[in-house]
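# Structural overview
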Amino acid sequence: MSLSKNTLWTTFFFLLALTSPVLFKAMSFSASQITNLTAMMYIISAVILIFINSKTNKNNTLSNHSETTQKVILVGISGIFVSWFLQAILALIEIQLLNQPMGSQNTQEITNLIKSAPFFILAVTIAGPIMEEFVFRFSLINFLNQKLNIWLSAIISSLIFAILHGDGHYLVYTGLGFFFFLLYRKTGSLLTSIITHAGMNTLVIVAQLFFIK
């Protein structure tokens, strides 16, 4: 599969998962059913994106070559703690310089959904990060890099990543998106950024559920 087709289909299934709650609401499902069905849609879409990526020609992409599996996993795990620290620093900058409120409305809403429908945690900690890494780090960056500089491609992708999170913390999400790109670029394997992204999401959710009142 060409990179252009990959980008088209990856974006389609990602947006389908993202907008699925609207579809389920129109079908008169209850709130808890919508949450669980959305989680299922995220998981199914993540599996589809993995399949699409496996069929995609990696020539002229950052995935053209990669480090050893051991290094990929090690860098990914290390990235979890770096991304946690980076998020805290960027959040402080937003609070001090941009007068952003402390905490993320997006994170709080997700936490409330998990409390009402625990199955949704799989969408947030596993399926969501997998989809977002395939869309924003593999498809979008490599697609834009056909015409643009790799750094500009990464910045554009990170900005879109931040905008789609939709809670106003643009500096935090842009910075994290760019950091995930750096991890992917360093190892040549998207598994690195997936591990970091999934691990960071898991830490955030665990903290929200058990330690932050």
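Description of the structure in this document. Given the structure is predicted, the values throughout are model-derived calculations rather than measurements. (Residues numbered from 1 in each chain as written. Predicted model: local features only at pLDDT ≥ 70, side-chain atom pairs only at ≥ 80, totals over all residues. Heavy atoms only, no water.)

## Focus on the packing of aromatic side chains
Our working rule: Here a pair means two rings of Phe, Tyr or Trp (six-membered ring of Trp) with centres within 6.5 Å. Their orientation is stacked below 30 degrees between planes, edge-to-face above 60, and tilted elsewhere. Where helices and strands are cited, they refer to DSSP runs of H or I of at least four residues and of E of at least two residues respectively, numbered from the N terminus. Either the NZ atom of lysine or the CZ atom of arginine qualifies as a charge over a ring when it sits within 6 Å of the ring centre and within 35 degrees of the ring normal.
Counting across every chain of the model gives 13 aromatic pairs. Relative to Phe-181, the ring of Phe-178 lies with its centre 5.4 Å away and its plane at 55 degrees, an arrangement referred to as tilted. Highlighted residues: Phe-178 and Phe-181, both in helix H7 (residues 170–187), separated by three residues, approximately one helical turn. Aromatic ring contacts, followed pair by pair, group Phe-14, Phe-136, Phe-161, Tyr-173, Phe-179 and Phe-180 into a single cluster. The ring centre of Phe-161 lies 4.5 Å from the NZ or CZ of Arg-137, which sits over that ring.

## Examining the side chain of Thr-187
Selection rule: Contacts were defined at the residue level, with two residues in contact if any of their heavy atoms lie within 4.5 Å.
With respect to the helices, strands and loops of the structure, Thr-187 is situated in helix H7. The residues contacting Thr-187, other than those within four sequence positions of it, are His-65, Ser-66, Glu-67, Val-72, Val-75 and Thr-192.

## Structural notes on the nonpolar core
Stated precisely, the cut-off is as follows: What makes a nonpolar core is a set of buried Ala, Val, Leu, Ile, Met, Phe, Trp, Tyr and Cys residues whose side-chain atoms join them at distances within 4.5 Å. For each residue, the accessible area found with a 1.4 Å probe, counting protein chains only, is set against the maximum for its type, and the residue is called buried under 20%, exposed over 50%, and partly exposed in between.
Phe-120 and Met-131 are the most contacted members of the largest nonpolar core, which has 46 residues in total. It is helix H5 (residues 121–144) that contributes the most residues to this core, 12 residues altogether. Sequence-distant contacts of Phe-120, defined by excluding residues within four places in its chain, comprise Thr-35, Thr-38, Ala-39, Ile-110, Leu-113 and Ile-114.

## Looking at the pattern of salt bridges
As a reminder, the rule being used: By convention in these notes, a salt bridge is any Lys or Arg side-chain nitrogen within 4 Å of a carboxyl oxygen on Asp or Glu.
Tallying each qualifying case throughout the model produces two salt bridges. Here Lys-71 and Glu-67 are joined by a salt bridge, their closest N and O atoms 3.8 Å apart. Judged by relative accessible area, Lys-71 falls into the partly exposed class, the value being 32%. Looking at Glu-67, the relative accessible area reads 34%, which means it is partly exposed.

## Comments concerning the packing of H5 against H7
Which entries qualify depends on this criterion: Note on definitions: angles span 0 to 180 degrees between N-to-C directions of axes, and those axes are lines fitted to C-alpha atoms, for helices only across the stretch in contact. Our angle categories are set so that under 35 degrees counts as roughly parallel, over 145 as roughly antiparallel, 65 to 115 as roughly perpendicular, and the remainder as oblique. Following the grouping adopted for this structure description, the nonpolar residues are Ala, Val, Leu, Ile, Met, Phe, Trp, Tyr, Cys and Pro, the charged ones are Asp, Glu, Lys and Arg, and the polar ones are all others, Gly among them.
Direction vectors running N to C along H5 and H7 enclose 70 degrees, while the axes themselves pass 11 Å from each other. Between H5 and H7, the crossing angle belongs to the class labelled roughly perpendicular. In this structure, H5 contributes Glu-133, Arg-137, Phe-138, Ile-141 and Asn-142 to the contact, and H7 contributes Gly-177, Phe-180, Phe-181 and Tyr-184. Broken down by class, the residue content of the contact of H5 with H7 amounts to five nonpolar, two polar and two charged.

## Some words on a nonpolar patch on the surface
The line we're drawing: Patch definition: residues with relative accessible area over 30% and no salt bridge; like charges joined within 9 Å; nonpolar side chains (Val, Leu, Ile, Met, Phe, Trp, Tyr) joined within 5 Å. The Shrake-Rupley method, run with a 1.4 Å probe, gives the accessible areas here. Residue values count only the displayed protein chains as cover.
A cluster of nonpolar side chains, Phe-85, Ile-89, Leu-92, Ile-93, Leu-97, Leu-98 and Leu-171, forms an exposed patch at the surface whose accessible area comes to about 660 Å². No other element matches the five residues that helix H3 (residues 69–97) contributes to the nonpolar patch. Structurally, Ile-89 is set in helix H3. A relative accessible area of 36% means that Ile-89 is categorised as partly exposed.

## So, unusual backbone geometry
In this structure, Ser-28 is a non-glycine residue whose phi angle is positive, near 65 degrees. Relative to the elements of secondary structure, Ser-28 occurs in the loop between helix H1 (3–26) and helix H2 (31–54). Positive phi, normally seen in glycine, also occurs at Asn-60, with a value near 60 degrees. You can see Asn-60 is positioned in the loop between H2 and H3. Given a relative accessible area of 72%, Asn-60 falls into the exposed group.

## Re H2
Using the following cut-off: Here the expected span of a helix is defined as 1.5 Å times the quantity of residues minus one.
An ideal rise of 1.5 Å per residue puts 34 Å on 24 residues; H2 measures up with 35 Å between its terminal C-alpha atoms. Turning to H2, its buried residues number three or more, namely Ile-34, Thr-35, Thr-38, Ala-39, Met-41, Tyr-42, Ser-45, Ala-46, Leu-49, Ile-52 and Asn-53. Residues of H2 that are buried make contact with H1, helix H4 (105–116) and H5.

Remember that the coordinates give geometry; whether it matters functionally is a separate question.
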